[in-house]
Amino acid sequence: MAEKPIPDRPDFRLERKLLRRDVWPVAGVDEAGRGPLAGPVAAAAVILDPDNLPRGLNDSKQLTREEREKLYESIMKRALAVALGFSSVKEIDAINIRQATFRAMRRALGALAASPRYVLIDGNDLAPDLCCEGETIVKGDASILSIAAASIVAKVTRDRLMRRLCAVHPVYGFSQHVGYGTPAHLQAIEAHGPCPFHRMSFRPFRAD
């Protein structure tokens with residue numbers, strides 16, 4: 001069976017379908033920061049207002065920093081509920097990044113001002129022990145409006161946090177690469193060693 005084509009922009013059709021079935025509120029969930037060598041993993045949960053949808057939403061990876069910042073403000077003004085959850089570097093090293101991401105998602109959902117009845121999560125890995133039923137959607141940040149909103153909120157929030165960490169540990173250049181393993185970041189690690197915000201369970205720190 002051929003895969004369904006991904007729309008040019010995320011839409012709200014799935015959420016409206018659930019709404020017509022009286023399954024509401026519906027929360028979109030996405031994470032930021034699974035791959036970096038440093039910093040926490042962040043998850044956002046967003047319940048959009050069907051009557052006041054932000055315009056211009058897209059997968060956060062397809063947007064510039066300036067576009068994400070503007071859309072973040074629009075989401076925060078228009079959404080019915082927005083919440084964030086984090087898992088620290090210590091948690092990532094203790095329970096692994098997959099489980100830490102699930103924990104951040106559960107925390108985000110638990111912090112929402114309105115309890116969702118259904119959750120739409122980006123990817124293909126459904127977190128266990130969620131507060132309600134839900135489903136995963138591959139490339140959902142590019143096709144589902146609520147997930148796209150969550151992807152923007154998670155990315156903007158985590159990037160801001162990494163810029164603050166850069167002020168504490170400026171030698172690593174966190175504000176430029178937000179913790180990813182760029183050549184400049186790897187060179188800084190080689191020169192200065194790791195700091196408390198580096199994930200010691202990740203390469204190049206982890207001993208195989």
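Just above, that's the structure.
For the structure given in this document, a descriptive report is provided here. Source: prediction; values computed, not measured.

1. Notes on the overall build of the protein
When helices and strands are tallied, the protein shows seven helices and five strands. Secondary structure elements of the protein occur, N-terminal to C-terminal, as α-β-β-α-β-α-α-β-β-α-α-α. In terms of overall dimensions, the protein is globule-like: its C-alpha atoms have a radius of gyration of 17 Å, near the 17 Å expected for 208 residues. Principal axes of the C-alpha set define a box for the protein whose edges measure 55 × 40 × 35 Å. Here the protein, with 208 residues, has 51% of them falling under the buried criterion. Sequence separation of 24 or more characterises 67% of the internal contacts of the protein that already satisfy a separation of 6 or more. Mean positive and mean negative side-chain charge positions of the protein (30 and 25 charges, respectively) differ by 2 Å.

2. As for the side chain of serine 87
Among the secondary structure elements, serine 87 is positioned in strand β3 (residues 81–87). With relative accessibility at 0%, the residue serine 87 sits in the buried group. In terms of polar contacts, serine 87 uses its side chain to reach the backbone carbonyl oxygen of alanine 100, at 2.7 Å. Setting aside chain neighbours within four positions, we find serine 87 in contact with Pro40, Val41, Ile92, Ala100, Arg103, Ala104 and Arg107.

3. What to know about the state of the cysteines
Counted under the stated rule, the structure contains zero disulfides. Here cysteine 131 is not cross-linked by a disulfide; its sulfur's nearest cysteine counterpart is in cysteine 132, at 4.0 Å. No disulfide involves cysteine 166; its nearest neighbouring cysteine sulfur is the one of cysteine 195, lying 10 Å away.

4. Quick word on the packing of aromatic side chains
Taken as a whole and judged by the stated rule, the model has two aromatic pairs. Each ring, one from phenylalanine 12 and one from tryptophan 24, has its centre 6.4 Å from the other, and the planes form 70 degrees; the classification is edge-to-face. Of this pair, phenylalanine 12 sits in the segment before α1 (13–20) while tryptophan 24 sits in the loop between α1 and β1 (26–32), placing them 12 residues apart in sequence. Judged by relative accessible area, phenylalanine 12 falls into the buried class, the value being 5%.

5. Some remarks on the pairing of β3
Here β3 shows a clear split, with Ala81, Ala83, Gly85 and Ser87 buried on one side and none of Val82, Leu84 and Phe86 buried on the other. Pairing geometry for strand β2 (residues 41–47) and β3, over seven bridges, is antiparallel. Of the residues in β3, the one forming a bridge with valine 41 is serine 87.

Conventions we followed
Every residue gets a number counted from 1 within its own chain, in the order that chain's sequence is written. Note on the predicted model: pLDDT of at least 70 is required for a residue's local features to be given, and 80 or more for side-chain atom pairs to be given and counted; whole-chain, interface and lining totals, by contrast, use all residues. The basis for every side-chain value is the complete set of non-hydrogen atoms in the structure, without hydrogens or water. Note on conventions: DSSP H or I runs of at least 4 residues are helices, E runs of at least 2 residues are strands, and numbering of each starts at the N terminus. What the globule rule says is 2.2 Å times the number of residues to the power 0.38, and the radius of gyration is computed from C-alpha atoms. Exposure is judged per residue with a 1.4 Å probe applied to protein chains only, and the accessible area is read against the type maximum: over 50% gives exposed, under 20% gives buried, and values in between give partly exposed. Here, two residues are considered to be in contact whenever any of their heavy atoms come within 4.5 Å of each other. Only four residue types enter the tally: Lys and Arg on the positive side, Asp and Glu on the negative side; His and the chain ends are excluded. To locate a charge, the coordinates of NZ of Lys, CZ of Arg, CG of Asp or CD of Glu are taken. Distance and chemistry together define a polar contact, namely a pair of N or O atoms within 3.5 Å, with one atom able to donate a hydrogen and the other to accept it when in protein, and with adjacent residues in sequence counting only for side-chain atoms on both sides. Criterion for a disulfide: a pair of cysteine sulfur atoms at a distance within 2.5 Å. Stacked, edge-to-face and tilted are the three classes for Phe, Tyr and Trp ring pairs, Trp counted by its six-membered ring, which pair at centre distances within 6.5 Å; planes under 30 degrees apart are stacked, over 60 edge-to-face, the rest tilted. The pairing criterion is simple: DSSP has to find at least two bridges between the two strands.

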